[in-house]
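# Close look at the chain arrangement
Here is how the chains run, residue by residue.
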Amino acid sequence: MFYNSTRNVSLVSTPSMAVLKGIADDGGLYIFNAYPTIASLESLMSLDTLELYTEILSALICDIPKEKMGELVRKAYVGKFETADLTPLVKVGEDYVLELFRGPTSAFKDVALSMLPHLVTASAQLNEVKDNIHILTATSGDTGKAAMAGFADVDGTRITVFFPKDGVSTVQQAQMLTQEGFNVCVCSVKGNFDDAQTGVKEIFKSVKENALLEGKNIRLSSANSINIGRLAPQVVYYFKSYFDLVKSGDIKLYDKVDFVVPTGNFGNILAGYIAKGLGLPVGTLVCASNENDVLTEFINTGRYDKKRTFFKTASPSMDILVSSNLERLLYLISGNDAEKVASYMAELGEKGEYTVDASTLQKIKKEFYACACSDEDAFKTIKSTYEEKGYLLDTHTAVAMHVCEDYKKNNKDHNTCVVLSTASPYKFAADVLFAITGEKEENGFEALNKLETLTGVPIPKNLKGLDKKPILHNSSIEKEEMLKFVLDYSTKELSK
Ligand SMILES: *Cc1c(COP(=O)(O)O)cnc(C)c1O
């Protein structure tokens, strides 16, 4: 098995080089040329959580030997999550919530970003790349902290995160500025998220075109969700939650399960599609959007149109107009038709929209259901789920829970439903508190305490006392200074 670009099947790479490179040279995303075969469901079900990660990751990134993969998995996860099974499954009413937020930063991105640094360093070793890997990321809040926590103190790597000054929540800012680790660096940029993101893209371009790091043994890389090393770990928790349902007797082995996913960049839900391709009995994949409903329109009509108003919602991690990982779905669902994908992506670049052909749309509709949810409906769902079912949802998971109800109403023959929960309610405590009580608490830290007092649900350890932790980073720069900032840190001697 090998990987190739979604836009050109002859642009090939080994799995580990795809992890190192992140994106293919033609701007396409790396994807396997064929699904690998994995062990039977019966034998996978007998594995413990870490063995399951090892088994599936070594099928997807097959040039890292399984024994080595086991080592990497243990380094990534042991002792880092609130529970030994990493992602607990909880019954809520007649449905199930898959809690993906029990990691070191209380965001679902922890599952993938805990693993990525170890995949990157092992891939470098395997390919005899001796460079120090310098990760660059712009963040609107969640990714930056999860990436720093993942890369902190990982030898052979360093990381710089840029966030928009005054553009992230009090809690998110405190999470980043208190991050420990000899190789982490975070800096605010005077501007909005787009300025920070554009700045990072320009740094990559400028460094490459002008060979600014030539001969310095430094390789710039990105931690964003187009890297196959971020996608692969996400496939595993679909298997894990399925086996949990079988083991608890809620379903029989080979029964189908529907998964409802709060979606932004389409990484999480694509991992579910890949799990299905590997043989997991998945029924429908339900794509939940907030008011930024570009994916809902796409799945229902076949037209992807990014020329639309951008809404800032209470589920900011899903505020997105271009869902990058959709490109991988188009590739897989069209039977590896890279020419077709390349032409859609060219249209998207030139005209801001494309429409898939009827047969592709038909295949997508067979696998997916999509619906959007307003902030108002998400808040109502937080309140009703708490009051009627005793479960506290965050704003993103509430979007999915609302869409789950819609899906079930319109599909009476649905299967057992698992709603993927992507954040701790405490990461968005002010909105969750408002949804339940109608009270607006402006102080981000106070909102956490009030929500805990109200509900009795404990604040996760990593968010508790955050306002009292020492601030370790205080850089703030103009966007024009970003390149120099990165180059300085790239060549700096770091000591533990
Ligand atoms: C990143 C994120 C999402 C969106 O996930 P995708 O894989 O980009 O679709 C949803 N919710 C939260 C809380 C997130 O951080």
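Figured I'd write up the structure that's included with this text. On a predicted model such as this, the values are computed, not experimentally measured, just so you know. The residue numbers shown here count from 1 along each chain, following its written sequence. Note on the predicted model: pLDDT of at least 70 is required for a residue's local features to be given, and 80 or more for side-chain atom pairs to be given and counted; whole-chain, interface and lining totals, by contrast, use all residues. As a rule here, side-chain values come from all non-hydrogen atoms in the structure, and water together with hydrogens is ignored.

## Brief notes about the site of the ligand
- If even one non-hydrogen atom of a residue comes within 4 Å of a molecule or strand, that residue is called near it. The local shell around the ligand holds 15 residues, among which Lys109, Gly264, Asn265, Asn268 and Thr422 are the closest.
- Think of a polar contact as two N or O atoms within 3.5 Å of one another; within protein, one of them needs to be a possible hydrogen donor and the other a possible acceptor, and neighboring residues in sequence only count if both atoms come from side chains. For the ligand, an oxygen atom lies 2.8 Å from a polar atom in the backbone of glycine 264.
- Between a nitrogen atom of the ligand and a side-chain N or O atom of threonine 422, the distance comes to 2.9 Å.
- Residue composition of the shell around the ligand, grouped by class: five nonpolar, eight polar and two charged. Residue classes follow a fixed rule: Ala, Val, Leu, Ile, Met, Phe, Trp, Tyr, Cys and Pro count as nonpolar, while Asp, Glu, Lys and Arg count as charged, and any other residue, Gly among them, counts as polar.

## Regarding the pairing of strand E8 (residues 184–190)
- Throughout this description, buried means an accessible area under 20% of the type-specific maximum (1.4 Å probe, protein chains only), exposed means over 50%, and partly exposed covers the range between. The helix count covers DSSP runs of H or I at least four residues long, the strand count covers runs of E at least two residues long, and both are numbered beginning at the N terminus. For E8, the buried fraction is high: six of the seven residues fall into the buried class.
- Note on pairing: two strands pair once DSSP finds at least 2 bridges between them. The pairing of E8 with strand E16 (residues 475–478) spans four bridges and is parallel. Looking at the pairing, serine 188 lines up with serine 476 of E16.

## So, the sheet that holds strand E3 (residues 30–32)
- Reading across from one edge, E2-E1-E3 is the order of the three strands in this open sheet, with antiparallel pairing throughout. Because the sheet does not close on itself, it has two edges, and the strands there are strand E2 (8–13) and E3. Going across the sheet, the axis of each strand differs from the next one's by a mean of 45°, ignoring polarity.
- Sheet topology note: the strand E1 (residues 3–5)/E2 ladder contains three bridges and is antiparallel. Among the inter-strand pairings, tyrosine 3 is bridged to a residue of E2, identified as serine 13.
- In the packing of helix H12 (residues 326–333) onto the sheet, contacts are made with E1, E2 and E3, and the angle to E3 comes to roughly 35°. Whenever a helix is involved, its axis is fitted only over the stretch in contact; in every case the axis is a line through C-alpha atoms, and angles between N-to-C directions fall within 0 to 180 degrees. Should any heavy atoms of two residues lie within 4.5 Å, those residues are considered in contact.

## Concerning the environment of asparagine 290
- With respect to the secondary-structure elements, asparagine 290 resides in the loop between strand E11 (282–289) and helix H11 (294–301).
- For asparagine 290, a relative accessible area of 0% puts it in the buried group.
- Residues in contact with asparagine 290, not counting those within four places in the same chain, are Thr313, Ser315, Met318, Asp319, Ala372, Cys373 and Val399.
- In this structure the side chain of asparagine 290 is engaged in a polar contact, spanning 2.9 Å, whose partner is the backbone nitrogen of asparagine 292.

## Points about helix H6 (residues 142–151)
- Where burial is concerned, most of H6 is hidden: nine out of the ten residues are buried.
- Of the positions making up H6, those classed as buried are Asp142, Thr143, Gly144, Lys145, Ala146, Ala147, Met148, Gly150 and Phe151.

## Section: the environment of lysine 461
- Relative to the elements of secondary structure, lysine 461 occurs in the loop between helix H18 (444–455) and E16.
- The spatial distance from the C-alpha of lysine 461 to the C-alpha of cysteine 185 is 23 Å, given a sequence separation of 276 residues.

## Brief notes about the layout of surface pockets
- Lining residues are defined by having an atom within 4 Å of a point belonging to a cavity or pocket. Those points lie on a 1 Å grid over the protein atoms alone, cavities being sets where a 1.4 Å probe fits but cannot get out and pockets being open sets with protein on both sides within 12 Å along at least five of seven lines. Grid points are joined across faces, edges and corners, and a volume is the space filled by probe spheres set on the points. Here the second largest pocket defines a volume of roughly 1,000 Å³.
- Of all the elements in the fold, those that place two or more residues in the lining of the second largest pocket are helix H4 (66–77), helix H5 (109–126), strand E6 (132–138) and H6.
- Considering every element that reaches the lining of the second largest pocket, the biggest residue donor is H5, with seven residues.
- Partitioning the lining of the second largest pocket into residue classes produces 14 nonpolar, 14 polar and 14 charged.

## What about the packing of helix H15 (residues 375–389) against helix H16 (residues 395–410)?
- For the pair H15 and H16, the least separation of the axes is 8 Å and the interaxial angle reads 85°. Considered as vectors, H15 and H16 are oriented roughly perpendicular to each other. Every residue of H16 that contacts H15 at Asp377, Ala378, Phe379, Thr381, Ile382, Thr385 and Lys389 is listed here: Thr395, Ala398, Val399, Met401, His402 and Glu405.
- Looking at the contact of H15 with H16 residue by residue, the classes come out as six nonpolar, four polar and three charged. With respect to orientation, any angle under 35 degrees is reported as roughly parallel, any angle over 145 as roughly antiparallel, any angle of 65 to 115 as roughly perpendicular, and every other angle as oblique.

## Things to note about the packing of aromatic side chains
- Each pair of aromatic rings taken from Phe, Tyr and Trp, with Trp reduced to its six-membered ring, is defined by centres within 6.5 Å and is described as stacked if the planes are under 30 degrees apart, edge-to-face if over 60, and tilted in the remaining cases. Applying the stated rule across the entire model yields 17 aromatic pairs.
- Here the aromatic rings of tyrosine 242 and phenylalanine 243 are separated by 6.2 Å at their centres, their planes lie at 75°, and the arrangement is edge-to-face. Of the two residues examined, tyrosine 242 and phenylalanine 243, each falls in the buried class.
- By the ring-pair criterion, three or more aromatic residues cluster together here, those being Phe298, Tyr304, Tyr344 and Tyr354.
- Counting as a charge over the ring demands two things of the Lys NZ or Arg CZ atom: a distance within 6 Å of the ring centre and an angle within 35 degrees of the ring normal. Over the ring of tyrosine 489 we find arginine 158; its NZ or CZ atom is 5.7 Å from the centre of that ring.
- The ring of phenylalanine 434 has lysine 440 lying over it, and the distance from NZ or CZ to the ring centre is 4.4 Å.

## Regarding the sheet that holds E11
- Sheet architecture is open: six strands sit in the order E4-E5-E15-E10-E11-E14, paired in mixed fashion. One side of each edge strand has no neighbouring strand; the edge strands of this open sheet are strand E4 (89–92) and strand E14 (368–372). Taking the axes of each pair of neighbouring strands and ignoring which way they run, one obtains an average angle of 25° across the sheet.
- With four bridges connecting them, strand E5 (residues 95–99) and strand E15 (residues 416–421) associate as parallel partners. When the bridges of E15 are listed, valine 97 appears paired with valine 419.
- Packing against the sheet, helix H10 (residues 267–277) makes contact with strand E10 (257–262), E11, E14 and E15, and its axis sits at approximately 170° to E11.
- Here H16 sits on the sheet and contacts E4, E5, E10, E11, E14 and E15; the angle it forms with E15, its principal contact strand, is near 160°.

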